[in-house]
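# Remarks on the overall topology
The chain contents come next:
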Amino acid sequence: MSDTDLASERAIPPSIEAKFKAWKDWSFRWGVLHHVTGFTSAFLTAVIAAHTKHAFLPENLAVTIAAIASGLTFLVTTLGAQKQSAAFEAAYRVLERAMATYRLSKRSEEHT
């Protein structure tokens, strides 16, 4: 594609560009939230499981860790962060395709 072809592409309105960036950011953030929460919950659950074999934690700390682990597991399930991430990813990918079609539509109309 030459420089003249690029110059003839249609510009995407700033509001659409902003929506695309926001949806992409939200997809990433929900994905990170899901993975961090899930990993932390699994790690804390493993610590409590190990504590049942060899009591190495003070009783109050063990109870607190168990409560935090169960709370995080509840959040992973109820927040549906992975589902939210997938929904935002699907939305920004559809918008990305639409933006590419829009950019090139003027140039393709000239050739028909």
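Keep in mind that what you see is a predicted model, and the values were worked out from it rather than measured.

Conventions adopted
- Residues numbered from 1 in each chain as written.
- Predicted model: local features only at pLDDT ≥ 70, side-chain atom pairs only at ≥ 80, totals over all residues.
- Heavy atoms only, no water.
- Helix = DSSP H or I, 4+ residues; strand = E, 2+ residues; numbered from the N terminus.
- Buried < 20%, exposed > 50% of the residue type's maximum accessible area, 1.4 Å probe, protein only.
- Contact = heavy atoms within 4.5 Å.
- Polar contact = N/O pair within 3.5 Å; in protein donor to acceptor, adjacent residues only side chain to side chain.
- Patch = residues over 30% accessible without salt bridge, like charges linked within 9 Å, V, L, I, M, F, W, Y side chains within 5 Å.
- Areas by Shrake-Rupley, 256 points an atom, 1.4 Å probe, with all protein chains shown as cover.
- Salt bridge = Lys/Arg side-chain N within 4 Å of Asp/Glu carboxyl O.
- Phe/Tyr/Trp six-rings, centres within 6.5 Å; stacked < 30°, edge-to-face > 60°.
- Lys NZ or Arg CZ within 6 Å of the ring centre and 35° of its normal.
- pLDDT = per-residue confidence, 0-100.

Bringing the side chain of serine 41 into the picture now. For serine 41, the position within the fold is in helix α2 (residues 14–53). Judged by its relative accessible area of 6%, serine 41 falls in the buried class. Those residues in contact with serine 41 that sit more than four places away from it in its chain are Ala69, Leu72 and Thr73.

For the rest of this paragraph, the subject is the environment of tyrosine 102. Structurally, the position occupied by tyrosine 102 is in helix α4 (residues 81–110). For the pair tyrosine 102 and isoleucine 12, spaced 90 residues apart in sequence, the C-alpha to C-alpha distance is 7.6 Å. In this structure, tyrosine 102 is in contact with Arg10, Ala11, Ile12 and Pro13, ignoring residues within four places of it in sequence. At 3.3 Å, the side chain of tyrosine 102 and the side chain of arginine 10 are in polar contact.

A cluster of nonpolar side chains, namely Leu33, Phe74, Leu75 and Leu79, defines an oily patch on the protein surface of about 350 Å² accessible area. Here the element with the most residues in the nonpolar patch is helix α3 (residues 59–79); it accounts for 3 residues. Classification of leucine 75 as partly exposed rests on a relative accessible area of 36%.

Another aspect to go through is the packing of aromatic side chains. Within this structure, the stated rule accounts for 3 aromatic pairs. A ring pair is formed by phenylalanine 20 and tyrosine 92, whose centres lie 5.8 Å apart and whose planes are at 80°; its orientation type is edge-to-face. In this pair, phenylalanine 20 is assigned in helix α2 and tyrosine 92 in helix α4, connecting sequence segments 72 residues apart. Classification of phenylalanine 20 by relative accessible area gives buried; the value is 11%. A centroid spacing of 6.4 Å and a plane angle of 15° characterise the contact between phenylalanine 39 and phenylalanine 43, whose relative ring orientation is stacked. You can see phenylalanine 39 and its partner phenylalanine 43 sitting in helix α2, 4 residues apart, about one turn around the helix. Looking at phenylalanine 39, the relative accessible area reads 60%, which means it is exposed. Just above the ring of tyrosine 102 sits the side chain of arginine 10; from NZ or CZ to the centre is 3.8 Å. One Lys or Arg, arginine 29, reaches over the ring of tryptophan 26 and ends 5.3 Å from the middle of that ring.

On to the confidence of the model for the chain, then. In the predicted model, the chain carries a mean pLDDT of 89, and 87% of its residues have values of at least 70. Within the chain, no element has a lower average pLDDT than helix α1 (residues 3–7), which sits at 53, and none a higher one than α2, at 96.

A word on the pattern of salt bridges. Side chains bearing opposite charge may pair, as long as their charged atoms lie close to each other. For the coordinates displayed, the defined rule picks out 2 salt bridges. Glutamate 17 is the salt-bridge partner of arginine 103, the closest N and O atoms lying 3.1 Å from each other. Taken together, the residues span a long stretch of sequence, with arginine 103 in helix α4 and glutamate 17 in helix α2 at a distance of 86 residues. Overall, arginine 103 belongs to the partly exposed group, its relative accessible area being 27%. Take glutamate 17: its relative accessible area is 22%, and that puts it in the partly exposed class. One salt bridge connects arginine 93 with glutamate 89, and the closest N-O pair in it is separated by 3.0 Å. Taken as a pair, arginine 93 and glutamate 89 lie in helix α4 at a separation of 4 residues, close to a single helical turn. Residue glutamate 89 is classed as partly exposed on the basis of its relative accessible area, which comes to 31%.

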